[in-house]
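Report on the structure
Listed below are the residues making up each chain.
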Amino acid sequence: MAAPAVNGNDKEIKFEKSPSGWSIIFRELMKDKLALFSLILFFAIVIYVFVYSMNIGPDQIDRIDLKNKYSPPNSIHWLGTDYGGRDVFNQLIVGARNSLTIAIAITLITSAIGITLGLIAGYFGGLVDNIIMRIIDFILTLPTLMIIIVFVTLVPKFNVLNFILIMSAFYWVGKARLIRSKTLAERELEYVAASKTLGTPNRKIMLFQVLPNLSSIIIVNMTLNLAGNIGIETGLSYLGFGLPEGTPSLGTLISYSRNPVVMEEKIWVWLPAALLILVMMLCINFVGQALKRAADARQRLG
Amino acid sequence: MTFLRVENLKVYYPVRGGFFRRVIDHVKAVDDITLDLQPGETYGLVGESGCGKTTTGRTIIGLNKATAGKIIFNDIDLTRLKRRQFHKYRKDIQMIFQDPYSSLNPKKRVIDIIAEPIRNFEKLSPKEERRKVQDLMEKVGLSPDSIFKYPHEFSGGQRQRIGIARALTVNPKIIIADEPVSALDVSVQAQVLNFMKDIQKEYNLTYLFISHDLGIVRHMSDRIGIMYKGRLVEEGTKENIFNQPKHIYTKRLLAAIPDVNPEKRDEHLLMRKEVNEEFERNYEKYFDAEGKIFDLKKISDTHSVALP
Ligand SMILES: Nc1ncnc2c1ncn2[C@@H]1O[C@H](COP(=O)(O)OP(=O)(O)OP(=O)(O)O)[C@@H](O)[C@H]1O
Ligand SMILES: [Mg+2]
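Nothing here was measured: the structure is a model prediction, and the numbers come from that model. (Residues numbered from 1 in each chain as written. Chains lettered and ligands numbered in written order. Predicted model: local features only at pLDDT ≥ 70, side-chain atom pairs only at ≥ 80, totals over all residues. Heavy atoms only, no water.)

Some thoughts on the overall build of chain B
The helix and strand tally for chain B stands at 11 helices and 12 strands. Taking 2.2 N^0.38 as the reference for a compact globule, 308 residues should give roughly 19 Å; the C-alpha atoms of chain B span a radius of gyration of 21 Å, in line with that estimate. For chain B, the spread of C-alpha atoms along the principal axes amounts to about 65 × 55 × 45 Å. Scored against the burial criterion, the 308 residues of chain B give a buried share of 51%. Contacts spanning at least 24 positions in sequence make up 63% of the contacts within chain B whose residues lie at least 6 apart. Counting every atom, chain B has about 15000 Å² of accessible surface; 49% of that belongs to carbon and sulfur. Both charge centroids of chain B, one from 51 positive and one from 43 negative side chains, sit 7 Å from each other. (Helix = DSSP H or I, 4+ residues; strand = E, 2+ residues; numbered from the N terminus. Rg over C-alpha atoms; globule rule 2.2 N^0.38 Å. Buried < 20%, exposed > 50% of the residue type's maximum accessible area, 1.4 Å probe, protein only. Contact = heavy atoms within 4.5 Å. Areas by Shrake-Rupley, 256 points an atom, 1.4 Å probe, with all protein chains shown as cover. Lys, Arg positive; Asp, Glu negative; His and termini not counted. Charge placed at Lys NZ, Arg CZ, Asp CG, Glu CD.)

Written as structure tokens, this is what we have:
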């Protein structure tokens, strides 16, 4: 800790600065080597996927080469080809990009809606809370997955954007409920009352006083959500209700394994995608666990 | 001109129940109280747990809505004001909270906590702001170098000082102190109380001092109001209350103060028993047919008591 030294003009004053929330998270990650490694690996995958996929044009994915059907991995096709002679590696990269884009976008959109509505409902309570909660209850009673499947079959031109929007429309409710319940507890604390008596407007109290106290929950929830959203996308695509053929995703690659021949003899078509999902999920979960510990002082490693 | 006058204040909390969560009843937390604060004095509000002390304080500062009645400050009825108009008077009435742990935002550094009202009411450059915060820290007896620390790095007494510094930033005229030391260690209580007395002189503050501890109130207050079930049962100067208590409830409260003198302990016990017996016996004399408390009646210039 820096020694305090106050001199006349406060140019070179050294203050005893205490670690902020971010440095606690950073410390926790540094202590947990597995989480740190996971974080780096995950970002490496994400960056690689997004950068590399920029060099792959649509023709490189779609080009059908029937002479090269199901060719095993070789120097031209690193991961071999599928039933149309299309390069699996290119599909894997573009598929991963699509899956990640969808998962990240859904996580961000649902968080934005969920946090906003949850904060408002929890902070103000009363009528506002009642209205928002009734909307949430209504959405919760809907058979979400069925509606998404019907939607996918009905919409003729289904693409990444559509997928993100339809998923986000349903998946914000859980977040809103979580944030609302935490806000309800938080607003009873006296620092909120104190802020009011100090003349701080409600909008600022919500954003700058209450929200920072929810930040750890939000970060943990978003991280674990990201893993879940990758799962939902790949699951739907696997079942054939996700993205259409022309838009590869990790789920479509894995779904080739529904063909028993491919499943047993052409492992290179689906295994890399399955492994990639597994690795990403594990990475996210390890990081999520570390964040969870950082959020709870009693569980911290250091 | 009245400085601060609480006039026939009623604060009822709705009790909801039933299928539609309709209002089925009310808790009469504050049921028609009237009190005056004179500039520079300390008014002690005493009563047992749940009698409505906190509710009174929170209503005066605008955290609760008054069901009925007036809160007149400098001849203006604060209960009638819109939120925007009320903002002007916010500075003049401030509060010191009971719990030094939950009343400081754990995610904020001390400088942000103390500077919060500055940022709402005056525009200072970051440098001026820091100066002011450091001055205040010094004033409340904390190191000006620790302004970048978080609340959890301070002790309870130190935190309460931070809370006091925050209330002082806007130069308030009235400070409502809701059991400001009840969460503190006894050894620290006196320290904080004496410090509050010091700054009262320095800033010419008026205190509404809320407590359930008559000993502390005696130490702090010029005038005292005794509250029971949402109403005042007796009001007077410190001498009136301690030397000539008139209402049986006041007598009972006084008898409940533990006597530190071991030789007089038996005597004290006897007195307590007597008071309790009188309370049972003369209940009708002090409360009306429905068990309600009568309105306050003046028995001298300074002394009022709720008798028929
Ligand atoms: N938000 C609320 N909703 C409903 N009833 C309430 C609420 N707050 C307080 N009450 C009730 O109002 C009455 C007065 O409460 P208040 O907090 O003012 O008491 P108090 O005198 O400050 O007690 P203590 O010494 O325990 O702090 C109590 O009976 C309490 O149950
Ligand atoms: Mg109270």
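After presenting the structure, the write-up continues.
Describing the overall build of chain A
Across its full length, chain A carries 13 helices and 0 strands. Scored against the burial criterion, the 302 residues of chain A give a buried share of 47%. Here the analysis covers contacts within chain A between residues at least 6 apart in sequence; of these, 67% occur between residues at least 24 apart. Only carbon and sulfur atoms are counted for the fraction: they give 68% of the accessible area of chain A, which is about 15200 Å².

Quick word on the nonpolar core
All names here are of chain B. In this structure, Ile-114, Val-133, Ile-162, Ile-164, Met-196, Phe-209 and Ile-226 are the most contacted members of the largest nonpolar core, which totals 56 residues. With 6 residues, the top contributor of residues to this core is helix H3 (residues 110-121). Contacts of Phe-209, omitting those with residues within four sequence positions, involve Thr-42, Tyr-43, Gly-44, Leu-45, Ala-177, Pro-180, Leu-193, Met-196, Ile-216, Val-217 and Met-220. (Core = buried A, V, L, I, M, F, W, Y, C linked by side-chain atoms within 4.5 Å.)

A few points about the site of ligand 1
Residue and element names in this part refer to chain B. Near ligand 1, the surroundings consist of Tyr-13, Val-27, Ala-29, Glu-48, Ser-49, Gly-50, Cys-51, Gly-52, Lys-53, Thr-54, Thr-55 and Glu-179. Between ligand 1 and Tyr-13, the relevant distance is 3.5 Å, taken from a nitrogen atom to a side-chain nitrogen or oxygen of the residue. In this structure, an oxygen atom belonging to ligand 1 sits 2.7 Å away from a main-chain N or O atom of Gly-50. Protein chains bury 60% of the 630 Å² of accessible surface belonging to ligand 1 in isolation. Elements that contribute at least two residues to the shell around ligand 1 include exactly strand E2 (22-37) and helix H1 (53-60). Looking at the shell around ligand 1, its residues break down into 4 nonpolar, 5 polar and 3 charged. (Near = heavy atom within 4 Å. Polar contact = N/O pair within 3.5 Å; in protein donor to acceptor, adjacent residues only side chain to side chain. Nonpolar A, V, L, I, M, F, W, Y, C, P; charged D, E, K, R; others polar.)

Here's the deal with the sheet that holds strand E4 (residues 68-73) of chain B
All names here are of chain B. The strand order E2-E1-E4-E5 describes an open sheet built from 4 strands, whose pairing is antiparallel. Looking at which strands have only one partner, the edges of the open sheet turn out to be E2 and strand E5 (76-77). In this structure, strand E1 (residues 4-17) lies alongside E2, joined through 12 bridges in antiparallel fashion. In the sheet register, Lys-10 faces E2, and the bridge partner there is Asp-31. Contacting E1, E2 and E4, H1 crosses the sheet at an angle of about 115° to E1. (Pairing = 2+ DSSP bridges. Axes fitted to C-alpha atoms, helices over the stretch in contact; angles between N-to-C directions.)

Details of the layout of surface pockets
Its boundaries defined by the atoms lining it, the largest pocket holds a volume of some 1200 Å³. As for the largest pocket, its lining consists of 35 residues, of which Lys-196 of chain A together with Gly-62, Leu-63, Arg-83 and Arg-90 of chain B are closest to the centre. Mapped by element, the contributors of at least two residues to the lining of the largest pocket are helix H4 (88-124) and helix H9 (190-197) of chain A together with H1 and helix H2 (83-90) of chain B. A per-element tally of the lining of the largest pocket places H2 of chain B first, with 5 residues. For the lining of the largest pocket, the per-class residue count stands at 13 nonpolar, 10 polar and 12 charged. (1 Å grid on protein atoms, 1.4 Å probe; cavity = no way out; pocket = protein on both sides within 12 Å on 5 of 7 lines; lining within 4 Å. Points joined across faces, edges and corners; volume = space filled by probe spheres on them.)

Observations concerning the UniProt feature "domain: ABC transmembrane type-1" (unreviewed entry) in chain A
In this numbering, the UniProt entry assigns the feature "domain: ABC transmembrane type-1" (unreviewed entry) to residues 96-288 of chain A. Counted over residues 96-288 of chain A, helix gives 84% and strand 0%. Its end C-alpha atoms are 21 Å apart. (UniProt positions renumbered as here; feature names shortened; annotations may be inferred.)

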